[in-house]
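These are the residues of each chain, in order.
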Amino acid sequence: MTQHVTAALPADASSDDSARREWWRDAVIYQIYPRSFADGDGDGMGDLPGATARLPHLKRLGVDAVWLSPFYASPQADAGYDVADYRAVDPVFGTLPDADDLVREAHALGLRVIVDLVPNHCSDQHEWFKRALREGRGSALRGRFHFRPGKGEDGELPPNDWESVFGGPAWTRVPDGEWYLHLFAPEQPDFNWEHPAVHDEFRSILRFWLDLGIDGFRIDVAHGLVKAAGLPDIGHGEQVKLLGKQAVPYFDQDGVHEIYRSWRRILDEYPGERIAVAEAWTPTVERSARYLREDELHQAFNFEYLTTGWDAAELRAVIDRSLDAMNAVQAPATWVLSNHDVVRHSTRFADGDAARGLRRAKAATLLMLALPGSAYIYQGEELGLPEVTDLPDEVRQDPAFFRSTGQDGTRDGCRVPLPWSGRRAPFGFGPAEGGPSWLPQPADWKELTVEAQDGDPTSTLEFYRGALAVRRAHPALGAGRDVEWLDSPEGVLSFRRTSPRGSVVCTVNIGAAPVTIPTPGTGTVLLSSAETAPGADTTILPADSTVWWAA
């Protein structure tokens, strides 16, 4: 498969944008899942020194920032999203000086650093929660969580009918008879954001990491901090799943917005345009936009786009809805295809055919990168990694896998450690050939390593590098508010992005057969996801392909 990259860029195009204002409006942000990115000490678990050593790969890839999933001190009941100490690095990932080294090295390379913040819940090993249990009924510390008496004659029933996202009741009973709320695993008790001590603690945590030099936060479960008064029953048995859109009394309550206004004031105190990004599961993209009003957060993940299938009409509709909603609050749209909680898009789009999945994944990536706003890349998608669907049960670690009434427990498949080099596992993930990795890698990943793809013009890695280079250099790509839709055949999306210094037309054939279209613009291909031969008047677009044209 051939991609075409031409020199047909404006003569004054520049990639030196490290000092640009409001950098988040068009930033390409790369998610590092630390335990699976790079293992520096050979124990089979990725860590901060390993990630720091691999930052030059991300610089060469062409991203603007990295977002790291949690590396805080944690018992790892949910891969670090159960935090025991928000100001400490878990020994499995390194030390606080290692975190400082990573931030400094990233900044030296021109990369910004965003870290995960988990404010909805903590670990059951957090000192507050341990004291709340130890001190028993009436402990002042219990007010910082949601402890309640049970229902039934002896309090033997949960306080309400809420269910955990991971399956089963959202309540666990403690030996003294009271129950505590956990919307996720029992090891993750929810904070009570009605308590002022919780507000004070998280303002302090924000300042701790901002003082270390980080450039922003990704806020986990940003929609979940405030619960409806009285914790009312839902009245039905439908469980909210990951990325769920249901309107429920424990998600997307209006009270969360005052919390984020107070956080925005702290962020604005610091130089360098520090930002916050919401992971907010909301019923509509319009509800998501409420988190991005001018005195609140800067970005929100576009889950509606992520969950849209490979369908032209559906994609156009979600693009229009997203841009309309974000423009209403003067916020940038964001676009994402994969992350640590969902099946990789090369597999989601495959319909049982791996080659088709990769073809569609590359086309989807070019579409995403042509849209106005900011884009997210999940580690390994630049290598074309598929989901690992045959992990044996004995190596699974996703807590949802162990709760039979919960999710499918498939998140481990997108978290398998990255292959960097060599012909034997762990493929450069760790320092020693044949060394351990916390999840096993498929043997055929030897063909997908960074080393194997580097310099190969037909590889997925070089395709991503080319796409990000063109996006960075062309003034019509990146930040913006809208697209100009152009007439196109059924199953084809075509739109123009314009700027005073040049325009780009993006054409996407989402159909299963080649389509003939009028050759756009000057007929000059900037980049294509499949081999394309433009004609003077018409061009045949291959099935499942995207082309960027100079216009």
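Refer to the structure presented above.
In this text, all values refer to a predicted model and were calculated from it rather than measured experimentally. (Residues numbered from 1 in each chain as written. Predicted model: local features only at pLDDT ≥ 70, side-chain atom pairs only at ≥ 80, totals over all residues. Heavy atoms only, no water.)

*Asks:* What should I look at first to understand the nonpolar core in this one?
*Replies:* Generally speaking, a soluble globular protein has its nonpolar side chains buried in company with each other. By size, the foremost hydrophobic cluster in this structure holds 131 residues, and its most contacted members are Leu58, Tyr260, Tyr305 and Trp548. Counting residues in hydrophobic clusters, the runner-up holds 33 residues, among them Ala27, Ala65, Val165 and Tyr376. (Core = buried A, V, L, I, M, F, W, Y, C linked by side-chain atoms within 4.5 Å. Buried < 20%, exposed > 50% of the residue type's maximum accessible area, 1.4 Å probe, protein only.)

*Asks:* Any chance you could explain the sheet that holds strand 6 (residues 147–148) here in plain terms?
*Replies:* Sheet strands associate in pairs through backbone hydrogen bonding, adopting either a parallel or an antiparallel arrangement. Read across the sheet, three strands follow the order 6-8-7 without closing on themselves; strand pairing throughout is antiparallel. Sheet topology places strand 6 and strand 7 (171–173) at the edges, where each strand pairs with a single neighbour. Relative to strand 8 (residues 179–181), strand 7 runs antiparallel, the two sharing three bridges. Each residue of the ladder has a partner; that of Arg173, found in strand 8, is Trp179. (Pairing = 2+ DSSP bridges. Helix = DSSP H or I, 4+ residues; strand = E, 2+ residues; numbered from the N terminus.)

*Asks:* Explain the sheet that holds strand 20 (residues 545–550) here, please?
*Replies:* On the basis of which strands lie adjacent, the open sheet formed by five strands has the order 14-15-16-20-18 and antiparallel pairing. Only two strands of the sheet have a single partner each, and these edge strands are strand 14 (484–485) and strand 18 (524–528). Relative to strand 15 (residues 492–499), strand 14 is paired through two bridges, and the arrangement is antiparallel. Of the residues in strand 15, the one forming a bridge with Glu484 is Arg496. Against the sheet, helix 10 (residues 312–328) touches strand 14 and strand 15, its axis set at about 30 degrees to strand 15. In the packing of helix 12 (residues 354–370) onto the sheet, the strands contacted are strand 15, strand 16 (502–509), strand 18 and strand 20, and the crossing angle to strand 20 comes to about 40 degrees. (Contact = heavy atoms within 4.5 Å. Axes fitted to C-alpha atoms, helices over the stretch in contact; angles between N-to-C directions.)

*Asks:* What's the story with the pattern of salt bridges in this structure? I'm lost.
*Replies:* Opposite charge on two side chains lets them pair, provided their charged atoms get close. With the rule as written, the count across this model stands at 37 salt bridges. Here Arg203 makes a salt bridge to Asp200, at a shortest N to O gap of 2.6 Å. Of this pair, Arg203 and Asp200 both sit in helix 6 (residues 196–212), three residues apart, roughly one helical turn. Residue classification places Asp200 among the partly exposed positions, given a relative accessible area of 44%. Between Arg360 and Asp544 there is a salt bridge, with the nearest N and O atoms lying 3.2 Å from each other. Placement of the pair is Arg360 in helix 12 and Asp544 in the loop between strand 19 (538–541) and strand 20, with a sequence separation of 184 residues. Residues Arg360 and Asp544 agree in their burial class; the two are buried. One connected set of salt bridges, linked through shared partners, spans Glu258, Arg261, Arg293, Asp295 and Glu296. (Salt bridge = Lys/Arg side-chain N within 4 Å of Asp/Glu carboxyl O.)

*Asks:* In this structure, what is going on with the pairing of strand 9 (residues 216–219)? I would like to understand it.
*Replies:* On any regular strand, side chains alternate: one points to one face of the sheet, the next to the other face. Across the two faces of strand 9 the burial is the same, with Gly216 and Arg218 and Phe217 and Ile219 all buried. The sheet contact formed by strand 5 (residues 112–117) and strand 9 spans four bridges and is parallel. Bridge pairing links Ile114 to Gly216 in strand 9. The pairing of strand 9 with strand 10 (residues 275–278) spans four bridges and is classified as parallel. Within the sheet, the bridge partner assigned to Phe217 lies in strand 10 and is Ala276.

*Asks:* Help me out: how do you make sense of helix 12 in this one?
*Replies:* Because an α-helix completes one turn every 3.6 residues, residues spaced three or four positions apart along the sequence face the same direction. For helix 12, built from 17 residues, the straight-helix expectation of 24 Å at 1.5 Å per residue is met to within 8% by its first-to-last C-alpha distance of 24 Å. The buried fraction of helix 12 amounts to twelve of the 17 residues, a majority that puts the element mostly inside the structure. Inspection of helix 12 places Gly357, Arg360, Ala361, Lys362, Ala363, Ala364, Thr365, Leu366, Leu367, Met368, Leu369 and Ala370 among the buried residues, and these make up the whole buried set. The N-terminus of helix 12 is capped by Asp353, whose side-chain oxygen sits 3.0 Å from the backbone nitrogen of Ala355. (Expected span 1.5 Å × (residues − 1). Polar contact = N/O pair within 3.5 Å; in protein donor to acceptor, adjacent residues only side chain to side chain.)

*Asks:* When you look at the packing of helix 4 (residues 96–108) against helix 6 in this model, what are you seeing that I'm missing?
*Replies:* When two helices pack together, you describe them by how their axes are tilted relative to each other and by the distance separating the axes. Axis separation between helix 4 and helix 6 bottoms out at 10 Å; the angle between their running directions is 55 degrees. By the angle between their directions, the pair helix 4 and helix 6 is classed as oblique. The segment helix 4 lies against helix 6, with Leu96, Ala99, Asp100 and Val103 engaging Phe208, Trp209 and Leu212. Of the residues contributing to the contact of helix 4 with helix 6, the split by class is six nonpolar, no polar and one charged. (Parallel < 35°, antiparallel > 145°, perpendicular 65-115°, else oblique. Nonpolar A, V, L, I, M, F, W, Y, C, P; charged D, E, K, R; others polar.)

*Asks:* How should helix 7 (residues 256–269) be read in this particular structure?
*Replies:* Taking 1.5 Å as the rise per residue, helix 7 with 14 residues should run 20 Å; its terminal C-alpha atoms sit 21 Å apart, in good agreement. Where helix 7 is concerned, the buried positions are Val256, His257, Ile259, Tyr260, Ser262, Trp263, Arg264, Ile266 and Leu267. The inward-facing, buried residues of helix 7 contact strand 5, helix 6, strand 9 and strand 10.

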